[in-house]
Amino acid sequence: MKTRVKRILGFGLILILVGVGGGYLAYKEYIKARQVHLITEAKHFLGEPNDRQALLCLERALRYKPRDVEACRLMAQLAERARSASALIWRNRVLQYGTKSTHDRLALVQTALMFRDYATATNALAKVSAAGKRTAAYLNIAGAVATSLNQLSQAEADFSQAVQLEPSNAAPQLNLAIVRLHGTNSAAMAQARVTLTRLSVNPTNSTLRCQALRELVVDALRFQRTNDALALSTALLQQTNSAFGDRLLRLDVLKHTGNPGFNATLAKYQQDAATNQAKIYDLANWQMARTSPQQTLAWLETLPPKEQTNQPTTLLIAECQTTLKDWAGLQQSLQRQQWGELDFLRHAFITRALRGQDMTAAATAEWQLAVTTANDQRTSLTMLLRLAAQWKWQGE
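A quick note: this is a predicted structure, and the numbers were derived from the prediction, not measured.

Conventions adopted
- Residues numbered from 1 in each chain as written.
- Predicted model: local features only at pLDDT ≥ 70, side-chain atom pairs only at ≥ 80, totals over all residues.
- Heavy atoms only, no water.
- Buried < 20%, exposed > 50% of the residue type's maximum accessible area, 1.4 Å probe, protein only.
- Helix = DSSP H or I, 4+ residues; strand = E, 2+ residues; numbered from the N terminus.
- Arc of directions from axis to C-beta.
- Contact = heavy atoms within 4.5 Å.
- Phe/Tyr/Trp six-rings, centres within 6.5 Å; stacked < 30°, edge-to-face > 60°.
- Core = buried A, V, L, I, M, F, W, Y, C linked by side-chain atoms within 4.5 Å.

A. Quick look at helix 16 (residues 293-300). The complete set of buried residues in helix 16 reads Pro293, Thr296, Leu297, Trp299 and Leu300. Seen end-on, helix 16 carries its buried residues on one side only, within an arc spanning 160 degrees. Where the residues of helix 16 are buried, they touch helix 14 (262-273), helix 15 (277-290), helix 17 (305-308) and helix 18 (313-323).

B. Spotlight on the side chain of Ser233. Within the element layout of this structure, Ser233 appears in helix 12 (residues 226-237). Relative accessible area serves as the criterion here: at 2%, Ser233 is assigned to the buried category. Discounting residues that sit within four places of it in the chain, Ser233 has contacts with Val217, Arg250 and Val253.

C. Broad picture of the packing of aromatic side chains. Applying the stated criterion across every chain, the model contains seven aromatic pairs. Centroid distance Phe115 to Tyr281: 6.3 Å. Interplanar angle 70 degrees. Geometry classified as edge-to-face. Of this pair, Phe115 sits in the loop between helix 5 (102-114) and helix 6 (118-126) while Tyr281 sits in helix 15, placing them 166 residues apart in sequence. With relative accessibility at 11%, the residue Phe115 sits in the buried group. Arranged with centres 6.5 Å apart and planes meeting at 65 degrees, the rings of Phe244 and Tyr269 form a pair that is edge-to-face.

D. Highlighting the nonpolar core. Counting 68 residues, the largest nonpolar core has Leu283 and Leu300 as the members making the most contacts within it. Looking at which element gives the most residues to this core, the answer is helix 20 (residues 343-356), with seven residues. Excluding residues that lie within four positions of it along the chain, Leu300 makes contacts with Ile280, Ala284, Gln308, Thr313, Leu316, Ile317 and Cys320. The next biggest cluster of nonpolar side chains, apart from the first, holds 19 residues, and it includes Cys57, Leu62, Leu74 and Leu78.

What follows is the structure, given as structure tokens:
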């Protein structure tokens, strides 16, 4: 009797374990299917585009699986579209969690160039495999990095190799012409203009047409050919593939030529940018470089409240207040905000505000909070390092 009871209990226990195990496996399959669905939905919303819904899908996907490489890639794309520096963090996570492919490394380089983080760009390039460095894709991006660092001889060598590897690809030809146009060799510059003029009427590639026109506008401004600059910038804006940055180039032309329509055009573009984070970022950076931090801040403060509290606008406002040394205003505006992946930068700017008001003890504690919030992540710590260097905080 006892043996029979034991057998029944044992069999029951087996059924329970099988049931638990089966339930666990079923749950895992559910999570896996749910993850695939959320990623698919995010891609759909990115294509629409509906960035808010895409973000919600990706945040849920990352709660299920924080190290999902595809979700990190899509978060990087979303951050780049909004001009948020958190894109650098997501690109690094792709490499940290993924296969460290050449494609992903080059994507990090391009993102770093977007935010003028040349140290990250050069470090990522150095880690590309020997085979990867023999590709036209690598050489084109390496040339772009060299151009950004004003290493024009190296850039020319990189683009020349890319042209040799892909002689039928017009993109390396364009890049090579751009580098030579910014040089000092008159013959090479003349030939570069011929190449760019030919590409500016390319019937099949609108991206190349626009880039060629942009470079010809800049060249015309450089050599005071104001009528050419006006005509070329007009042609650029008429292209169906022209970008918001082309309007900013038009503003450069109007400002440089003293055109009376400059102020009205700027006001029009400000209105157009007011509800788009990427346009806000681009126009604010243009204004800081071409007008003044005061005017830039005044415009940012006219934006809808929702836009003022979103990245990257909050960071732009902080940069303006820092340049203007409005320490009390900077501290007050940042105190109740949250910057998500970039919250360590918020604490850094609060530190700057406190030090500006001689609140040394509070500033020291706030800086430590910034370092702690960076969570030992190399990309985050590098951003803090760059700020500390910019502010000449040798100890930090």
